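Listed below are the residues making up each chain.
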Amino acid sequence: LTKNMVITANGNVGIGTADPNELLHIEGATDATPVLLMNAVGDDADADYPIIRLHRAKGDLGYETIIANNDYLGGIEFGGFIGSNGDIYTNYENGAAIYSRVQGTPSNADEDMPAELAFYTRNDGGVALTQKMCILGDGNVGIGITNPDTTLVANNATYAGPNTTYATSVAQAS
């Protein structure tokens, strides 16, 4: 009899692994792509669709407290196997990530949750992920900058809006 799923004594669930590292650990077979599929069927255009929700609170389970400015809300990390020097569970290392962070003061009274999305990558030979792009709560986008003060800021060059001509010069090496 082959085990396809295991629940450990500490409550971790493993699918395709007998030794899960997290609450839910899914591992595909060799030369197979592990896919997490959520399917929804229905006729309601704005309600019958699958959702992944990443929620965060401070405090203890059952005694949650409000989060604060700069707290991370959730993330998606992308990594690959690098051999014996990796440190993310059995020799993997992250190469890119997307995180959501609180950007301002959350308010229970106003149901206000100001947040940004931050995009991280790692350069070839780099030792850590670094933020390369962000989308702030007000819609401003920064590429190569973490706090854009207008619609689009790319490496400190500003795009003022859709009715503005944007030009930049690039010197070419001869």
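Residues numbered from 1 in each chain as written. Predicted model: local features only at pLDDT ≥ 70, side-chain atom pairs only at ≥ 80, totals over all residues. Heavy atoms only, no water.

Caption draft 1: Broad picture of the sheet that holds strand β2 (residues 13-15). Pairing within the open sheet is mixed, and its three strands lie in the order β1-β2-β3. Of all the strands in the sheet, just β1 (5-7) and β3 (24-26) have a single pairing partner and so form its edges. Direction aside, neighbouring strands of the sheet carry axes that sit 10° apart on average. With three bridges joining them, β1 and β2 adopt antiparallel strand pairing. The residue bridging M5 from the neighbouring strand is I15, located in β2. (Pairing = 2+ DSSP bridges. Helix = DSSP H or I, 4+ residues; strand = E, 2+ residues; numbered from the N terminus. Axes fitted to C-alpha atoms, helices over the stretch in contact; angles between N-to-C directions.)

Caption draft 2: Fine view of the pairing of strand β8 (residues 115-121). Every second residue of β8 is oriented toward a common face, the buried set being E116, A118 and Y120 and the non-buried set A115, L117, F119 and T121. Summarising the sheet, strand β7 (residues 92-102) and β8 pair through seven bridges and their orientation is antiparallel. In the strand pairing of β8, A96 is matched with T121. (Buried < 20%, exposed > 50% of the residue type's maximum accessible area, 1.4 Å probe, protein only.)

Caption draft 3: Representation of the pattern of salt bridges in the model. Under the definition given, this model contains three salt bridges. When the shortest N-O distance is used, the salt bridge between D71 and K58 registers 3.2 Å. With D71 in the loop between β5 (63-65) and β6 (72-81) and K58 in strand β4 (residues 58-60), this residue pair connects regions lying 13 residues apart in the sequence. E116 serves as the salt-bridge partner of R101, at 2.8 Å between the closest nitrogen and oxygen. Separated by 15 residues along the polypeptide, R101 in strand β7 and E116 in strand β8 bring together distant segments of the chain. (Salt bridge = Lys/Arg side-chain N within 4 Å of Asp/Glu carboxyl O.)

Caption draft 4: Quick look at the environment of G104. The residue G104 is located in the loop between β7 and β8 in this model. What G104 contacts, discounting residues up to four positions off in sequence, is A68, N69 and P114. (Contact = heavy atoms within 4.5 Å.)

Caption draft 5: Structural context of the side chain of Q131. Relative to the elements of secondary structure, Q131 occurs in strand β9 (residues 130-135). For Q131, the side chain forms a polar contact with the side chain of R101, separated by 3.1 Å. Once residues within four sequence positions are removed from consideration, Q131 is found in contact with R101, A118, F119, Y120 and T146. (Polar contact = N/O pair within 3.5 Å; in protein donor to acceptor, adjacent residues only side chain to side chain.)

Caption draft 6: Representation of unusual backbone geometry within the structure. A positive phi is found at N70, a non-glycine position, where the angle reads about 75°. Here E111, not a glycine, exhibits a phi torsion of approximately 50°, which is positive. Considering the arrangement of structural elements, one finds E111 in the loop between β7 and β8. E111 gets classed as exposed once you look at its relative accessible area, which sits at 75%.

Caption draft 7: Spatial organisation of the confidence of the model for the chain. Summary statistics for the chain give a mean pLDDT of 85 and a share of 85% for residues scoring 70 or more. When pLDDT is averaged over each helix and strand of the chain, the minimum, 64, is found for strand β12 (residues 157-159) and the maximum, 97, for β8. A low-confidence stretch, residues 165-174 (pLDDT under 50), is modelled with three contacts involving residues beyond four sequence positions or located in other chains. (pLDDT = per-residue confidence, 0-100.)

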